[in-house]
Amino acid sequence: MQESIPRITGTLRAHTIEMPEVIREASGIIVLGRKIRSLIFSTDIAIIRNCDADAVLAVYPFTPQQVISEAIINASSIPVFVGVGGGTTKGLRSVYMAQDAEAQGAFGVVVNNPMSNSNIHFIKRVIDIPVVSTVVDSTGIQERLDAGVTILNVAAGKNTADVVREIRKDFPKVPIIASGGKTDESIRRTIEAGANAIVYTPISSSAIFSSMMDEYRTEKNRNPELTFKTLDSKKDELVDLIGLLHQQTDLDLNLNTEPTVKNPEEEKK
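Residues numbered from 1 in each chain as written. Predicted model: local features only at pLDDT ≥ 70, side-chain atom pairs only at ≥ 80, totals over all residues. Heavy atoms only, no water.

Draft legend 1. Region of the structure containing the overall build of the protein. If you tally the helices and strands in the protein, you get 10 helices and 10 strands. Expressed as a percentage of contacts within the protein between residues at least 6 apart in sequence, the contacts between residues at least 24 apart total 55%. (Helix = DSSP H or I, 4+ residues; strand = E, 2+ residues; numbered from the N terminus. Contact = heavy atoms within 4.5 Å.)

Structure follows, in structure tokens:
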């Protein structure tokens, strides 16, 4: 019998991005005491603050910058894995970036597929948090692990599940996170292939906002007098607020207009 889990939400958080339920079938990876099954692939702070993912994979197509990683880590309420290079950014710069990311509070650093094993080795020597290596196929895995990689991040597009399965045959215990695609079927296939955690790419903020605006326009056309009413409430919350403010104002006036007692001598004068 499947356990029923109570769900509690609120009006203001109705648009929270929820990870697909199927990701809960993954075993998860315990990183620094935190169990992680889902990672949201985003650097959008608004998305990161309004999702139910277990962690953030903050990798972006520009050279890594401390100010970006610091902003994401400070704004996030969940663990963050920060990209520190591998393509155009490498060498000592990546080492320094990794060191700074650990100091900022990152749970791990992510290196891209082109990064050399010697570079990974230097990074691992100066930090005590996990090194996550993005891989696109099943070759050279042992060399990566020997260099100091802790977790593999499989990003092989439509072949991700197959690559995960190939790696899992030779490395049954290595922690693997992998992109699962957009559908429950592809995510489940990736988990069954051996992925411990799934990287999920969310809908963009602009797409969410576009959907909300369509809803507002529809409601406005249906009710031309709609002004400040919320779409999910029958009450005009603005009117309620004004009423409360009037009550508070009346109370303040009563408190400030207490009757004064006049001196009898002054009255005689």
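Anyway, onward from the coordinates.
Draft legend 2. Representation of the packing of helix α6 (residues 160-170) against helix α7 (residues 184-193) in the model. Put simply, α6 and α7 touch, their axes get as near as 8 Å, and they point 10° apart. Accordingly, the angle class assigned to the pair α6 and α7 is roughly parallel. Counting all contacts with α6, which are made through Thr 160, Ala 161, Val 164, Arg 165 and Arg 168, the residues of α7 involved are Arg 189, Thr 190 and Ala 193. Considering only residue class, the contact of α6 with α7 consists of 3 nonpolar, 2 polar and 3 charged. (Axes fitted to C-alpha atoms, helices over the stretch in contact; angles between N-to-C directions. Parallel < 35°, antiparallel > 145°, perpendicular 65-115°, else oblique. Nonpolar A, V, L, I, M, F, W, Y, C, P; charged D, E, K, R; others polar.)

Draft legend 3. Main features of unusual backbone geometry. Even without being glycine, Leu 32 reaches a positive phi, approximately 50°. With respect to the helices, strands and loops of the structure, Leu 32 is situated in the loop between β1 (29-31) and β2 (34-36). Residue classification places Leu 32 among the exposed positions, given a relative accessible area of 52%. (Buried < 20%, exposed > 50% of the residue type's maximum accessible area, 1.4 Å probe, protein only.)

Draft legend 4. How the structure looks around α6. Among the residues of α6, Thr 160, Ala 161, Val 163, Val 164, Ile 167 and Arg 168 are the ones counted as buried. Each buried residue of α6 sits inside an arc of 160° when the element is viewed along its axis, so together they form one side. The exposed residues of α6 that point more than 90 degrees off its buried face are Lys 169 and Asp 170. On the buried face of α6, the contacting elements are β7 (131-135), α5 (141-147), β8 (151-154), β9 (176-179) and α7. (Arc of directions from axis to C-beta.)

Draft legend 5. Structural view of helix α2 (residues 66-75). Among the residues of α2, Ser 69, Ile 72, Ile 73 and Ala 75 are the ones counted as buried. Turning to α2, the residues buried within the fold contact α1 (45-49), β4 (55-58), β5 (80-85) and α3 (92-104).

Draft legend 6. Broad picture of the environment of Val 126. With respect to the element layout, Val 126 can be found in helix α4 (residues 117-126). In this structure, the C-alpha to C-alpha distance between Val 126 and Val 95, residues 31 residues apart in sequence, is 7.6 Å. Other than its neighbours up to four places away in sequence, Val 126 contacts Val 95, Gln 99 and Glu 102.

Draft legend 7. Here's a closer look at the layout of surface pockets. The volume enclosed by the second largest pocket comes to roughly 430 Å³. Around the second largest pocket, the lining is made up of 25 residues, and of these Val 59, Tyr 60, Pro 61, Asn 112 and Thr 134 lie nearest the centre. Elements that contribute at least two residues to the lining of the second largest pocket include exactly β4, β5 and β6 (108-111). Per element, the largest residue contribution to the lining of the second largest pocket is 3 residues, and it comes from β5. Broken down by class, the residue content of the lining of the second largest pocket amounts to 13 nonpolar, 12 polar and no charged. (1 Å grid on protein atoms, 1.4 Å probe; cavity = no way out; pocket = protein on both sides within 12 Å on 5 of 7 lines; lining within 4 Å. Points joined across faces, edges and corners; volume = space filled by probe spheres on them.)

These results come straight from atomic positions and should not be treated as a statement about function.
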